[in-house]
Amino acid sequence: MNAHTSFPASDFFATMRQRQWAEASPQAMLCRAVIDETHDVKTFVFSAASDRMFCFNAGQYVVLHLTINGAAVARSYSVSSPPTRPLDLHITVKRTPGGFVSNWLHENLRAGDEIKIEGPLGSFKLDGLNSEKPLFLAGGSGITPLMSMLRTLTDRASDLDQRLIYSARSPRDIIFRSELDALAARFPNLGVTCVCSRKDLSWAGPTGRIDGPMLLRLVPDLGERTVYACGPEQYMKALRDGLGEAGVDPRGYHEESFGGSLSGVAPDLASAVSSSVQFARSGLEHRCAPGETLLDAARNCGVYIPTGCQQGICGTCRIAKLSGEVAMHDLGGLTSEEKSAGFVLACCSRPQGAVCLDL
C-alpha cells in the first residue's frame, strides 16, 4: 500500500479540522521560525503544540502570555498570516525603543521555544466585506492585520478591486516589500502604493504624510470604496482627518488602532469618592485607592482578567458590569453595542463609588 492510499490528504485535513484551535484560554504554541522582515521587524511563526489547525478571521489578533524577569506579561499582536494557511500562525513585531515585550521577543524568542497564546480576538475582520472595492490603508507596523486580509484575498484568487496605500518612514521600513511587489505583479486587480514620509534619494515613489489631497490623488475613486485602516494613533488621526476632508462616508470606514497612550489620564480620573469593586462570582470585594482601575482591583484580589494592550485598544479585558458607575477612557476597544450591554474595559475603567462585576 503506497503513501497516498494509506494516508490520503482528505483524511489528514478532515482529522485536523476536528482539532481546530479557536479558544479563548491560552494554549501552548511552538515557535517554528523567526524571519527578519526589516532592520527592526521580525515575524515569529508558530504552530500549535497539539497539532491543531488555526481557525480565525483575517484582521484578528492574539494575546501572547510571557514570563519576563519572573513576571507574567501579556501583549496583543495582530495575526499577519491568513486563515487560508491554517497549519501555522504568524505575528510580525516591530522593535520599538523602550518596548518591553517587543525587545524581549526580538532578543530572546527562538525557534523551538514554547509560549502560550490566547485567541483569536477582535472585531476587525475581513469576513462580511460589503464592498467590491476595498481600500486598505496602513501605517508602519499597522500593515500586519491588513497583510492577513490581502493574503487571504489573493489566496482565494478574489476578483475584488483591491487597493493598498502603505505609509512607512523610509524605504527600508517597508515591511513585506518584496511580497507586496510580487502580489501586485501577479494579481492585476490589486494595486499597491507605498508612501515614504521621509525623502530618500533611493526612493522614486510618493513622499509625504497622508492627508485628504494625497488620498484623492492616489485613489481617485475614494468615495466608492470601503476603507480598512490600521496604524499608530498619530497616523490614524491624520488618516481620519484626511478621509473627512475628502468626504468619505464614515459608515464605510473600519479601523484597528494601536500605540495610543493614556498618559495623563489617571490624575483626572482619581476620584475623591470612596470606591470599591465587588466580584459577584468570586465573592470578593476590594476597597480602591484613588485612581485604581478595575484591573488593579482584580489583581489585588487575585482575580484573573486576561489583558493585552492595557491601553483600552484591544478589548481583551472586556468584562460585564452588573451595577455601579465607572469612568472609562478607552481608545476603541468596545463597540457601541457592547457598551450599551454593560461591558467595560478593566484596564482603563476606574470605579466611581461601588461597582459590581460579573467575575
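Just above, that's the structure.
Presented here is an overview of the structure given in this document. It should be emphasised that the depicted structure is a prediction, and the values quoted were computed from it without experimental measurement. One numbering rule holds for all chains: residues counted from 1, following each sequence as written. Side-chain atom pairs in this predicted model are given and counted only at pLDDT of 80 or more, local residue features only at pLDDT of at least 70, and totals for whole chains, interfaces and linings cover all residues. Side-chain calculation: all heavy atoms of the structure are included, whereas hydrogens and water are not.

### Some remarks on the packing of aromatic side chains
Inference 1: Any pair of Phe, Tyr and Trp rings, taking the six-membered ring for Trp, is counted once the centres come within 6.5 Å. Such a pair is stacked with planes under 30 degrees apart, edge-to-face with planes over 60 apart, and tilted for the rest. Tallied over the entire structure, the rule returns two aromatic pairs.
Inference 2: Relative to tyrosine 228, the ring of phenylalanine 124 lies with its centre 6.1 Å away and its plane at 55°, an arrangement referred to as tilted. With phenylalanine 124 in the loop between strand E8 (114–121) and strand E9 (134–139) and tyrosine 228 in strand E12 (residues 226–232), this residue pair connects regions lying 104 residues apart in the sequence.
Inference 3: Here the aromatic rings of phenylalanine 136 and tyrosine 228 are separated by 6.0 Å at their centres, their planes lie at 40°, and the arrangement is tilted. Linking phenylalanine 136 in strand E9 with tyrosine 228 in strand E12, this pair joins segments that are 92 residues apart in sequence.
Inference 4: For each residue, the accessible area found with a 1.4 Å probe, counting protein chains only, is set against the maximum for its type, and the residue is called buried under 20%, exposed over 50%, and partly exposed in between. The exposure class assigned to phenylalanine 136 is buried, which follows from its relative accessible area of 0%.
Inference 5: Accessibility expressed as a relative area gives 4% for tyrosine 228, which makes it buried.
Inference 6: Two conditions define a charge sitting above a ring: the NZ of Lys or the CZ of Arg must be within 6 Å of the ring centre, and it must be within 35 degrees of the ring normal. Note that arginine 151 overlies the ring of phenylalanine 176, its terminal NZ or CZ placed 4.9 Å from the centroid. Think of it this way: any DSSP run of H or I at least four residues long counts as a helix, any run of E at least two long counts as a strand, and we number them from the N terminus.

### Overview of the state of the cysteines
Inference 1: The disulfide criterion is simple: two cysteine sulfur atoms within 2.5 Å. Applying the stated criterion across every chain, the model contains zero disulfides.
Inference 2: For cysteine 196, which is in no disulfide, the shortest distance to another cysteine sulfur is to cysteine 194 and amounts to 7.1 Å.
Inference 3: A relative accessible area of 0% means that cysteine 196 is categorised as buried.

### A few points about helix H4 (residues 143–155)
Inference 1: Here the expected span of a helix is defined as 1.5 Å times the quantity of residues minus one. Compared with the 18 Å implied by 1.5 Å per residue over 13 residues, the 17 Å span of H4 between its first and last C-alpha is a close match.
Inference 2: Of all 13 residues in H4, 12 are buried, a share of seventy percent or more.
Inference 3: When H4 is considered as a whole, its buried residues turn out to be Ile143, Thr144, Pro145, Leu146, Met147, Ser148, Met149, Leu150, Arg151, Thr152, Leu153 and Thr154.
Inference 4: Just downstream of H4 lies alanine 157, where phi reads positive at about 55°.

### Considerations on the environment of leucine 357
Inference 1: Within the element layout of this structure, leucine 357 appears in strand E20 (residues 354–357).
Inference 2: Among the residues examined, leucine 357 registers a relative accessible area of 0% and is labelled buried.
Inference 3: Residues leucine 357 and alanine 280, 77 residues apart in the sequence, show an inter-C-alpha distance of 6.0 Å.

### Digging into the pattern of salt bridges
Inference 1: Basic side-chain nitrogens of Lys or Arg form a salt bridge, by our definition, when they fall within 4 Å of a carboxyl oxygen of Asp or Glu. On inspection of all chains with the given rule, the structure shows 15 salt bridges.
Inference 2: A salt bridge links arginine 151 to glutamate 179; the nearest nitrogen and oxygen atoms lie 2.6 Å apart. Of the two residues, arginine 151 is situated in helix H4 and glutamate 179 in helix H5 (residues 177–186); the sequence distance between them amounts to 28 residues.
Inference 3: Its relative accessible area of 7% is what places arginine 151 among the buried residues.
Inference 4: Here arginine 318 makes a salt bridge to glutamate 338, at a shortest N to O gap of 2.7 Å. With arginine 318 in strand E16 (residues 318–323) and glutamate 338 in helix H10 (residues 336–340), the pair connects residues that are 20 residues apart, well separated along the chain.
Inference 5: One salt-bridge network, in which partners are shared between bridges, spans Lys133, Asp161, Asp221, Glu224 and Arg225.

### A short note on the sheet that holds strand E18 (residues 343–345)
Inference 1: The pairing criterion for strands is at least two bridges between them, as found by DSSP. With mixed pairing, the five strands of this open sheet are ordered in space as E15-E14-E20-E16-E18. Whereas interior strands pair on both sides, the edge strands pair on one side only; in this sheet they are strand E15 (284–288) and E18. With strand direction ignored, the average angle separating the axes of adjacent strands in the sheet is 35°.
Inference 2: Across three bridges, E16 lies against E18 in antiparallel orientation. Axis definition: a line fit to C-alpha positions, over the contact stretch in the case of helices; interaxial angles, taken between N-to-C directions, run 0 to 180 degrees.

### A short note on the packing of H4 against H5
Inference 1: As a packed pair, H4 and H5 sit with axes 12 Å apart at the nearest point and diverge in direction by 35°. Between H4 and H5 the crossing geometry is left-handed. Seen from H4, the contacting residues are Met147, Leu150, Arg151 and Thr154; seen from H5, they are Glu179, Leu180 and Leu183.
Inference 2: Residue composition of the contact of H4 with H5, by class: four nonpolar, one polar and two charged. The sense of a crossing depends on the near helix, which, turned anticlockwise from the far helix by less than a right angle, makes the crossing left-handed and, turned clockwise, makes it right-handed. It only takes one pair of heavy atoms within 4.5 Å for two residues to be counted as in contact. Three categories are distinguished: nonpolar for Ala, Val, Leu, Ile, Met, Phe, Trp, Tyr, Cys and Pro, charged for Asp, Glu, Lys and Arg, and polar for the others, with Gly belonging to the last.

### Concerning the pairing of strand E11 (residues 190–196)
Inference 1: Burial runs high along E11: six of the seven residues are buried.
Inference 2: Here strand E10 (residues 162–168) pairs with E11 via seven bridges, running parallel. Across the sheet, the residue bridging to serine 167 is valine 195, located in E11.
Inference 3: Here, the term right-handed applies to a crossover whose path from the first strand over the helix to the second runs clockwise when the strands point away from the viewer. The handedness of the E10 to E11 crossover, carried by H5, is right-handed.

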